[in-house]
Amino acid sequence: MATARVQQPAPNTTMAAGQEDGTYYLEQVSIVEDSEDDFQYEEIPPDDYLGFLAEDEDFQFTVKSVEEQNEDTKAATQQGELILKPTLSHRPEVVDDFLRNFLIKMGMMKTLDCFQTEWYEMLQRGILNIDDMGFVPDVYTHNQLLDNRIASLKKELENYKAASHKAGEILIKLRKERDFHRMHHKRVAQEKNKLINDIKRLKKHYASYEPTLSELTNKYHNALKQKMLTSLEKDRAVGQLSGLQATLRTMNCGQDNIIPLISGYKTYRECKTFACTQKTVNEIRGQKNDEPSNDSRELPKKPQKTVEQKHSKDSEFPRDTRVNPYLAQMKRKPNNLLRSGECRMTKTLKLHELAVSCLSLHPRKEILVTGSDDRLWKMWSIPNGDIIMTGEGHADWLSGCSFHPSGNLLATVSGDSTVKIWNFLKTDCLLTFKGHLSSIWGCSWHTCGDFVASCSMDKTSKIWDIHSERCRYTLRGHVSSVNSIEFVPFSNSLLTSSADKTISLWDGRTGLCAQTFFGHVHSCNYATMNLKSDTIVSCDSSGIVKLWDMRRVALMLTVDVGSHSANQVVFHSSGQLVVVASDDGTVKILDLPSSQLSSLAGHEDAVQCVLFDHKGEYVISGGSDGTVRFWT
């Protein structure tokens, strides 16, 4: 029959090499016409088939028979497909194919050509009998497969050994770290026990000082009370002396003797302490009529100096009878946009690289000073934002700034625990006050311009005299950081807020606490008064704003402006609006008559400080994003 000369590689390792080269060889095979399956077909004789048709010529029966035969054929076909699946027979590799594959694998192409030439030559001559060629033993092929498997397993074994070695090193390292942490834990435990013992010993030692501290505290308070009483007696005596002098000037008989009597004192301060009574006047009159006119009479003894050591350059506190000239501004009503909270951000100035921590407006001009965490203060013209001056000198962040009432000086406080006074005419630092033990949070000028007050994290506030360049009083009473301080307008009183959740009112002439307001449950960040000085507004770190009645010393209103900290709160000149700087990046506006609260969003970070302009027409805010924004 016909022959096909396609030779496929044998299924072993030599076959792969041949397939990689893309080489195929021809082999003479015979195609047998016999069916590959063993199914025995039964032939139907033509006579039977015709007889079958002749027996029944009914058309309906014939159609039905044909349909049944078709169904049987389909069923037999499906069953044959399921049962008679073709099987692949495995033919072992013959020797000549093995030799060819071996020579190709080894690259012996010349030998392969010689072998092929001689092989086909002998085959054509009939010398070579293909049936005599044997097959390659399966054991050899199996051995090759096993060799390949062994090589693969050896490679995997090496990988596992390397992984095991690496895991062993990691285990050793972890054990060393475990031992180190155990030793560190033991050492920390020993130090902890030592510190606990030290704390217990210190508590016992502190308890032994409690009675002495209580006694000293009582003595201190008694001394302060005596000092206050002495000051009041001194003021009363000065008033009596003034009345007496007016009376004596009208008395012609005693005028010549009273003047030498008062002139016996060297200074006006000593003369003020001379407390005359009506009895003293009568004695002077008797001496006028009975005694000769000589200098043998005794003068009253000069009073001795009390607790405070006076300085020749010390400034005097003005009287509290002055009237606030800005009270007329309370009649100025805020615009409707501010009251309704519909005002918009009209301008944004990028003034500092770091957070803007404080703002201060010039008393009369449209000039703004900003202090920042970058240790600089800058003076700007508003609202165009042209820079006028830059001050550098603090060693740490700035936390507060305040213009002198005249507008010629500027006070700044910083985290470096100093208060600096800057002179705009000389463009230099005029004074530096040192005395606080920790960071200073705020400052405020007295309306007379001779004193500046500062508050600090060291739980104290101080009043500094500009002329004598020293600390006049230290206000002690808060038990935690004092966060804000402010001189009450045109008076000698100061208002402070503290992290001890209280607000205190102080007498600047004596340094004593006159009143304390309790009600906040979190750290009080800021407190200020309206122009009339009859209402206090304060804010704390939980977002609570409270209004206090100064005269009744009572709480008037409590408003929750949000869950974030309220950093600063400011009254409108009319006293009807309150603006709050919030830590959530918004400016809150509270309309007191209607208790309506609105928010102005625009800052990218916390708002640290706010204020109104001179006319109360727009709001200025400074934030941690280094910008100052105008809202109108």
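The numbering scheme is per chain: residues are counted from 1 as the chain's sequence reads. Local features in this predicted model are restricted to residues whose pLDDT is 70 or higher, and side-chain atom pairs enter the listing and the counts only when it is 80 or higher, whereas totals over whole chains, interfaces and linings include all residues. Remark: hydrogens and water are excluded; side-chain values derive from all non-hydrogen atoms of the structure.

Colleague: Provide a residue-level description of the overall build of the protein, including the pertinent values.
Modeller: Assigned secondary structure in the protein consists of 10 helices and 30 strands. Relative accessibility decides the category of a residue: with a 1.4 Å probe and only protein chains considered, values under 20% of the type maximum give buried, values over 50% give exposed, and everything between is partly exposed. A buried classification covers 38% of the 632 residues belonging to the protein. Should any heavy atoms of two residues lie within 4.5 Å, those residues are counted as being in contact. The long-range fraction of contacts in the protein, counting pairs at least 24 apart against all pairs at least 6 apart in sequence, stands at 48%. Accessible areas in this description were obtained via Shrake-Rupley with a 1.4 Å probe; residue shielding takes into account the shown protein chains only. Of the roughly 39200 Å² of accessible surface on the protein, 54% is carried by carbon and sulfur atoms. The helix count covers DSSP runs of H or I at least four residues long, the strand count covers runs of E at least two residues long, and both are numbered beginning at the N terminus.

Colleague: Go over the packing of aromatic side chains with me, naming the residues and quoting the values.
Modeller: Here a Phe, Tyr or Trp ring, Trp counted by its six-membered ring, pairs with any other such ring whose centre lies within 6.5 Å, and the pair is stacked when the planes are under 30 degrees apart, edge-to-face when over 60, and tilted otherwise. Tallied over the entire structure, the rule returns 10 aromatic pairs. When the centroid spacing of 4.9 Å and the interplanar angle of 25° are considered together, the rings of Phe433 and Trp464 count as stacked. Of this pair, Phe433 sits in strand β11 (residues 428-434) while Trp464 sits in strand β14 (residues 460-465), placing them 31 residues apart in sequence. Positioned over the ring face of Trp119 is Arg100, at 5.4 Å from the centre of the ring. A ring is considered to have a charge above it if a Lys NZ or an Arg CZ atom is located within 6 Å of its centre and within 35 degrees of its normal.

Colleague: I'd love a proper account of the pattern of salt bridges, names of residues and values included.
Modeller: Each salt bridge in this description consists of a side-chain nitrogen of Lys or Arg and a carboxyl oxygen of Asp or Glu lying within 4 Å of one another. For the structure shown, the criterion picks out 14 salt bridges. A salt bridge links Arg178 to Asp179, with the shortest nitrogen-to-oxygen separation between them at 3.4 Å. According to the relative accessible area criterion, Arg178 is partly exposed, its value standing at 40%. We note a salt bridge from Lys219 to Glu215, for which the minimum N-O separation is 3.5 Å. Highlighted residues: Lys219 and Glu215, both in helix α6 (residues 138-249), separated by 4 residues, approximately one helical turn. With relative accessibility at 49%, the residue Lys219 sits in the partly exposed group. When its relative accessible area of 44% is taken as the criterion, Glu215 is described as partly exposed. Within this structure, Asp314, Asp465, Arg470 and Arg472 form a network of salt bridges that share partners.

Colleague: Residue-level account of the environment of Gly400, with values.
Modeller: In this structure, Gly400 sits in strand β8 (residues 398-403). The exposure class assigned to Gly400 is buried, which follows from its relative accessible area of 5%. Each C-alpha atom of the pair Gly400 and Ser357 lies 7.1 Å from the other, and the pair is 43 residues apart in sequence. Setting aside its immediate chain neighbours within four residues, Gly400 contacts Cys358, Ala411, Thr412, Val413, Trp441 and Cys443.

Colleague: Would you mind going over the sheet that holds strand β25 (residues 577-582) in detail, with residue names and values included?
Modeller: In space, the 4 strands of this open sheet follow the order β24-β25-β26-β27, with antiparallel pairing throughout. If you trace the sheet from one side to the other, it starts and ends with β24 (566-571) and β27 (596-601), each paired once. With direction set aside, neighbouring strand axes in the sheet form an average angle of 20°. Bridging between β25 and strand β26 (residues 586-591) involves 5 bridges; their strand directions are antiparallel. Each residue of the ladder has a partner; that of Val578, found in β26, is Leu590. Two strands qualify as a pair provided DSSP detects at least 2 bridges between them. In this analysis, axes come from line fits to C-alpha atoms, helices being fitted only over the stretch in contact, and the angle between any two N-to-C directions falls in the range 0 to 180 degrees.

Colleague: So what about the side chain of Lys378? Which residues, and what values?
Modeller: With respect to the helices and strands, the residue Lys378 is situated in strand β6 (residues 376-381). One buried charge, Lys378, has no salt-bridge partner; the nearest side chain with opposite charge is Asp374, at 5.1 Å. Within 3.5 Å is the distance limit for a polar contact, defined as a pair of N or O atoms, with the added protein rule that one can donate a hydrogen and the other accept it, and that residues adjacent in sequence qualify only through two side-chain atoms. Looking at Lys378, its side chain comes within polar contact range of the main-chain oxygen of Leu351, at 3.3 Å. Not counting residues within four places of it along the chain, the set of residues in contact with Lys378 comprises Leu351, His352, Leu368, Val369, Thr370, Ile387, Met389 and Thr390. The charge count includes Lys and Arg as positive and Asp and Glu as negative, but it does not include His or the ends of the chains.

Colleague: Just give me the short version of the sheet that holds strand β19 (residues 512-518), but keep the residues and values in it.
Modeller: Strands pair in a sheet through their backbones, by hydrogen bonds, and they do so in one of two ways: parallel or antiparallel. If you walk across this open sheet you meet the 4 strands as β16-β17-β18-β19, and the pairing is antiparallel. Pairing within the sheet leaves two strands with one partner each, and these edge strands are β16 (482-487) and β19. Neighbour-to-neighbour, the strand axes of this sheet turn through a mean angle of 20°, independent of strand direction.

Colleague: Please set out the environment of Asp507 residue by residue, giving values where relevant.
Modeller: Following the sequence through the fold, Asp507 ends up in strand β18 (residues 502-507). Measuring from C-alpha to C-alpha, the distance between Asp507 and Leu494 comes to 6.6 Å, with 13 residues separating the pair along the chain. The contact partners of Asp507, leaving out residues within four places of it in the chain, are Asn492 and Leu512.

Colleague: Tell me what's going on with a nonpolar patch on the surface, and back it up with residues and numbers.
Modeller: Each patch is built from salt-bridge-free residues with over 30% relative accessible area, joining like charges within 9 Å and nonpolar side chains (Val, Leu, Ile, Met, Phe, Trp, Tyr) within 5 Å. A surface patch of nonpolar side chains, about 410 Å² in accessible area, is lined by Tyr206, Tyr209, Leu213 and Leu216. Inspection of the secondary structure puts Leu213 in helix α6.

Colleague: Give me helix α4 (residues 95-106): which residues, what numbers.
Modeller: By this rule, a helix spans an expected 1.5 Å times one less than how many residues it contains. The end-to-end C-alpha distance of α4 is 16 Å, a good match for the 16 Å that 12 residues give at a rise of 1.5 Å each. Those residues of α4 that sit buried are Asp96, Asp97, Phe98, Arg100, Asn101, Leu103 and Ile104. One or two positions beyond α4, positive phi appears at Gly107, with a value near 80°.

Colleague: Mind laying out the packing of α4 against helix α5 (residues 109-125), listing which residues take part and the relevant values?
Modeller: Across the interface, α4 lies against α5 with an axial gap of 9 Å and an inter-helix angle of 160°. When the axes of α4 and α5 are compared, the pair comes out roughly antiparallel. Two packed elements cross with a definite hand, and for α4 against α5 that hand is left-handed. Contacts between α4 and α5 involve Asp96, Leu99, Arg100, Leu103 and Ile104 from the first element and Thr111, Leu112, Phe115, Gln116, Trp119 and Tyr120 from the second. In this classification, the charged set is Asp, Glu, Lys and Arg, the nonpolar set is Ala, Val, Leu, Ile, Met, Phe, Trp, Tyr, Cys and Pro, and all remaining amino acids, among them Gly, are polar. Split by residue class, the contact of α4 with α5 holds 7 nonpolar, 2 polar and 2 charged. Angle categories: roughly parallel below 35 degrees, roughly antiparallel above 145, roughly perpendicular from 65 to 115, and oblique for all the rest. What makes a crossing left-handed is the near helix being turned counterclockwise from the far one by less than a right angle; a clockwise turn instead makes it right-handed.

Colleague: If you had to explain a negative patch on the surface to someone new, which residues and values would you point to?
Modeller: Here the site of a charge means atom NZ of a Lys, CZ of an Arg, CG of an Asp or CD of a Glu. Taken together, the side chains of Glu67, Glu68, Glu71 and Asp72 present a region of like negative charge at the surface. Note on placement: Glu67 falls in helix α3 (residues 59-83).

Colleague: Could you give an account of the confidence of the model for the protein, naming the residues involved and the relevant values?
Modeller: Here the protein shows a mean pLDDT of 79. Residues at 70 or above account for 76%. On a scale of 0 to 100, pLDDT captures the predictor's confidence in every residue. Taken as a whole, residues 1-25 scores under 50 in pLDDT and shows 45 contacts with residues more than four places along the chain or in a different chain. Predicted confidence for residues 49-53 stays below pLDDT 50, and this span has 1 contact to residues more than four positions away or in other chains.

Colleague: Could you give an account of unusual backbone geometry, naming the residues involved and the relevant values?
Modeller: In the segment running from Ile382 into Pro383, the intervening peptide bond is cis, with an omega of 5°. Mapping Pro383 onto the fold places it in the loop between β6 and β7 (386-392). With a phi close to 70°, Ser417 is a non-glycine residue in the positive phi region. Following the sequence through the fold, Ser417 ends up in the loop between β9 (409-414) and β10 (418-423).

Colleague: Tell me about α5, and name the residues and values.
Modeller: The α-helix winds at 3.6 residues per turn, so residues separated by three or four positions along the chain end up facing the same way. Taking 1.5 Å per residue as the helical rise, α5 with its 17 residues ought to reach 24 Å, and the 24 Å between its terminal C-alpha atoms agrees with that figure. Along α5, the positions that sit buried rather than exposed are Leu112, Gln116, Trp119 and Leu123. In an axial view of α5, the angular spread of the buried residues amounts to 70°, which keeps them on one side of the axis. Of the residues in α5, the exposed ones pointing more than 90 degrees away from the buried face are Lys110, Cys114, Thr117, Glu118, Gln124 and Arg125. Those residues of α5 that are buried are in contact with α4. One or two steps after α5, the chain reaches Gly126, where phi turns positive at roughly 85°. Along the arc lie the directions from the helix axis toward the C-beta atoms.

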